[in-house]
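The lines below spell out each chain.
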Amino acid sequence: MESATQPPAMPLPGGTLEVRRHARKGRSLHTTRLVKGGEVVLEEAPVLLLVAPDMSTNTCATCLRAVGPQECVGCSSCQQACFCSPECLQAGTSTPWVHSPPLCGAYARLAALQLPVEEAGQLRFLLHALALKHTQSPEAAQRYAALLDLVGEPTAADQALAARLAPVLAEALAGALPGGAAALDLSELAALLRKEQLNSYGILASAAQAEAVRAAEAAARQGGASGSGRGGAVEQEEEEDGERRLRGSAIYAQASLINHECLPNVARYDFFDDPSHRNPAPASASASTSGAPAIAVAPTAGGLASTHVVFRALHDLPPGTELAQSYVPLHWGLAERQAQCRDVYGFGCTCPRCQCESQWSDEEGEESEWETDSGDGGMGEEEVAGDDAGSGEACNGEVEMEEAIGPIMAPPGEEGPLEPAYLRLFLLKYMCPRPGCFGTAAPPAQGSSLLECNVCGHRRSEQEFLRELERAQREERRAAAAAATGGKGKAAGQRR
Ligand SMILES: [Zn+2]
Ligand SMILES: [Zn+2]
Ligand SMILES: [Zn+2]
Ligand SMILES: [Zn+2]
């Protein structure tokens, strides 16, 4: 329980959540009433949507929908953006921070530089952020304020990155920015880059998109010269870890307040390709011409827009529960999760699962069982900041991936380690059972006994779960018996 000296909580509209200040983690989101498993705890429109530079020809620049070759409406000016419909083309080109003429021109000049895909992505993000900053409209101002309000203080590495990108940014903006490079505020750029890294959600490519990109890359390898300067081999290894290719990213203001735990209690669902969800750019919205909003910030009445993110409770959450999402896939091993939290998000995870697993790795070699090869799931950044400016105090020293991870202790006043049996049961229940998926599953609706994966959409009944539980328990007993008779080989390797 919190002490009485804490600042008052701030309720969010909807009557389900409030923002509190957590002594160690900063802001946090908490339930204000009992939330049932499967209930939607948060639905939100994005502040900003960005298409990954290597997905420009198959992802709608306005709504991030995956676009097939036939339905694609390409931008004929820059050839660096496409749209899923004439409506999205209209909305995108008339919205200053989506694909207005200045941004379109900047996209074209960026493309001519043939930058590595990661750098191109960072530059595009800055272009869109600056478009928000320099658009004279209440909605743009509101969105830019939401960006600046995101958590994240720039590190020295972010400062260096901003200084390196600024001249390129100025070149891309050309005449669009009054004052040119001199008008760019380096510390603001650094802060924006940091905030984007900490808060943006990677949006997974559709299966068709991932397949198309793989085919294009194979063709480029065979044909030698490829048209665009993408990072190439770096991305190879991600594919072994299921479909982790990203089509783009999205920033949501309230969702970004949900802190990380390696065992989440909410799962994120998105609907970019769901035809039952309304296109966010109906013709009526673009009727008002003077830079008026084409994308509503408030939830739209009469149905969920396809760009809205939804978080559903995995199980019942009593009043006062802090919402927790996992910033990394659930199947990642302890060392990998620790490294990702530290290197990308700037904090050392001390959650009850990490505490629990750090004890295992001391006792038995069991930890390795959860390990996978490094697959970078986030909007990863290669700059490993020497001084993690974030909430680094909880992290006890720079632990290398290969080194053993010492016991992770609960921060004062916070929850202790999970029971290993509970952890195993949790993962068996809430991790998608489809091989290679590794999505998180929550009930599709309040009161439902089904569990629905947030990556592949697979639904599992309670009976199926119970059968898998039985099978897992049988295997565990068999492994234990094998271990007792000296055969150690069986225990490692097979998770289920
Ligand atoms: Zn679209
Ligand atoms: Zn264009
Ligand atoms: Zn953790
Ligand atoms: Zn799945």
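Residues numbered from 1 in each chain as written. Chains lettered and ligands numbered in written order. Predicted model: local features only at pLDDT ≥ 70, side-chain atom pairs only at ≥ 80, totals over all residues. Heavy atoms only, no water.

## Here we look at the overall build of the chain
Along the chain, the regular secondary structure elements total 11 helices and 16 strands. Within the chain, buried positions represent 49% of all 496 residues. When contacts within the chain are restricted to residue pairs at least 6 apart in sequence, long-range pairs at least 24 apart make up 75% of them. Roughly 22300 Å² of accessible area belongs to the chain as shown, and the carbon and sulfur atoms make up 55% of that amount. (Helix = DSSP H or I, 4+ residues; strand = E, 2+ residues; numbered from the N terminus. Buried < 20%, exposed > 50% of the residue type's maximum accessible area, 1.4 Å probe, protein only. Contact = heavy atoms within 4.5 Å. Areas by Shrake-Rupley, 256 points an atom, 1.4 Å probe, with all protein chains shown as cover.)

## Points about the coordination of the zinc ion (ligand 4)
Tetrahedral coordination by four donors places them ideally at 109.5 degrees to one another around the metal; octahedral coordination by six donors ideally gives 90 or 180 degrees. Those donors, Cys432 (SG), Cys437 (SG), Cys453 (SG) and Cys456 (SG), are the protein atoms that reach the zinc ion (ligand 4), and they lie 2.2 to 2.3 Å from it. For the zinc ion (ligand 4), all donor residues lie on one chain, and their spacing in sequence is C-x4-C-x15-C-x2-C. Of the two residues, Cys437 is situated in the loop between helix H10 (420–430) and strand S14 (441–442) and Cys456 in the loop between strand S15 (451–453) and strand S16 (459–460); the sequence distance between them amounts to 19 residues. Taking relative accessible area as the criterion, Cys437 reaches 11% and is therefore assigned buried. For Cys456, a relative accessible area of 32% translates into the label partly exposed. (Donors = N, O, S within 2.8 Å, 3.2 Å for Na, K, Ca; no water.)

## Quick look at the coordination of the zinc ion (ligand 2)
Only Cys75 (SG), Cys78 (SG), His99 (NE2) and Cys104 (SG) from the protein coordinate the zinc ion (ligand 2), and they sit 2.1 to 2.3 Å from it. In this structure, the zinc ion (ligand 2) is surrounded by four donor atoms whose angles at the metal cover 105 to 113°, and the resulting shape is tetrahedral. (Tetrahedral: all angles 85-135°; square planar, octahedral: opposite > 155°, others 65-115°.)

## Some points on the nonpolar core
Core analysis: the biggest nonpolar cluster contains 51 residues, and Phe125, Leu126, Leu127, Leu147, Leu169 and Leu189 have the highest contact counts within it. Residue assignment for this core shows that the elements contributing at least two residues are strand S5 (48–51), strand S7 (82–83), helix H2 (101–112), helix H3 (117–134), helix H4 (138–149), helix H5 (156–173) and helix H6 (186–199). Once residues lying within four places of it in the same chain are set aside, the contact partners of Leu169 are Leu123, Leu126, Leu127, Leu130, Leu184 and Leu189. In terms of nonpolar packing, the next biggest core, distinct from the first, is built from 28 residues, Val41, Leu42, Ile258 and Leu317 among them. (Core = buried A, V, L, I, M, F, W, Y, C linked by side-chain atoms within 4.5 Å.)

## Here's the deal with the pattern of salt bridges
The full count for this structure, using the stated rule, is 23 salt bridges. Between Arg20 and Glu18 there is a salt bridge, with its nearest N and O atoms 2.8 Å apart. Of the two residues examined, Arg20 and Glu18, each falls in the buried class. Notably, a salt bridge pairs Arg214 with Glu211, separated by 3.3 Å at the nearest N-O pair. Here the residue Arg214 and the residue Glu211 both occupy positions in helix H7 (residues 207–223), the gap between them amounting to three residues, near one helical turn. Among the residues examined, Glu211 registers a relative accessible area of 45% and is labelled partly exposed. Among the ionic contacts, a cluster of salt bridges with common partners joins Lys25, Glu261 and Glu322. (Salt bridge = Lys/Arg side-chain N within 4 Å of Asp/Glu carboxyl O.)

## Brief notes about helix H8 (residues 334–345)
Every α-helical turn comprises 3.6 residues, leaving residues that sit three or four positions apart pointing alike. In this model H8 runs 15 Å from its N-terminal to its C-terminal C-alpha over 12 residues, within 8% of the 16 Å that 1.5 Å per residue would give. Listing the buried residues of H8 in full gives Leu334, Ala335, Glu336, Arg337, Gln338, Ala339, Gln340, Cys341, Arg342, Val344 and Tyr345. Positive phi appears at Gly346, one or two residues downstream of H8, with a value of about 75°. (Expected span 1.5 Å × (residues − 1).)

## Thoughts on the packing of H3 against H6
In a pair of packed helices, the angle between the axes and the distance between the axes together describe the arrangement. Remark: H3 packs on H6, axes separated minimally by 10 Å, with the N-to-C direction vectors making an angle of 115°. Comparing the axis directions of H3 and H6 gives the class roughly perpendicular. For the pair H3 and H6, the crossing hand works out as right-handed. Here Gln122, Phe125, Leu126, Ala129, Leu130 and Lys133 of H3 lie close against H6, whose contacting residues are Glu188, Leu189, Leu192, Leu193 and Glu196. (Axes fitted to C-alpha atoms, helices over the stretch in contact; angles between N-to-C directions. Parallel < 35°, antiparallel > 145°, perpendicular 65-115°, else oblique. Left-handed = near helix turned anticlockwise from the far one by under 90°.)

## Some points on the sheet that holds S5
The sheet built from three strands is open, its strands ordered S5-S9-S8 with antiparallel pairing. Of all strands in the sheet, those bounded by a partner on one side alone are S5 and strand S8 (201–204). Averaged over all pairs of adjacent strands, the angle between their axes in this sheet comes to 25°, without regard to strand direction. With respect to the sheet, H3 is in contact with S5 and strand S9 (246–251), its orientation differing from that of S5 by roughly 150°. (Pairing = 2+ DSSP bridges.)

## Comments concerning the packing of H5 against H6
Look at H5 against H6: their axes get within 8 Å of each other, and the N-to-C directions meet at 110°. As far as their axial angle goes, H6 and H5 are roughly perpendicular. Here H5 and H6 pass one another in a crossing that is right-handed. For the pair H5 and H6, the contacting residues are Asp158, Gln159, Leu161, Ala162, Ala163, Leu165, Ala166 and Leu169 in the first and Leu186, Ser187, Leu189, Ala190, Leu193, Arg194 and Gln197 in the second.

## Comments concerning the side chain of Gln209
Note that Gln209 resides in helix H7. The buried category is assigned to Gln209, whose relative accessible area is 3%. When sequence neighbours within four positions are dropped, the list of residues in contact with Gln209 reads Met55, Asn58, Thr59, Ala66 and Arg247.

## Regarding the packing of aromatic side chains
Inspection of every chain in the model, using the stated rule, returns five aromatic pairs. Between Tyr422 and Phe426, the ring centres sit 6.2 Å apart and the planes meet at 50°, which makes this aromatic pair tilted. Of this pair, Tyr422 and Phe426 are both found in helix H10, four residues apart, which corresponds to roughly one turn of the helix. Look at Tyr422 and you get partly exposed, because its relative accessible area is 40%. (Phe/Tyr/Trp six-rings, centres within 6.5 Å; stacked < 30°, edge-to-face > 60°.)

## Side note on the pairing of strand S12 (residues 309–313)
Along S12, five of the five residues are buried, which leaves the element largely enclosed by surrounding structure. The alternating pattern of S12 places Val309, Phe311 and Ala313 on one face and Val310 and Arg312 on the opposite face, and all of these are buried. The pairing of strand S4 (residues 40–44) with S12 spans four bridges and is antiparallel. By the bridge assignment, Leu42 is partnered in S12 with Phe311. Direction of pairing for strand S11 (residues 266–269) relative to S12: antiparallel, over a ladder of four bridges.

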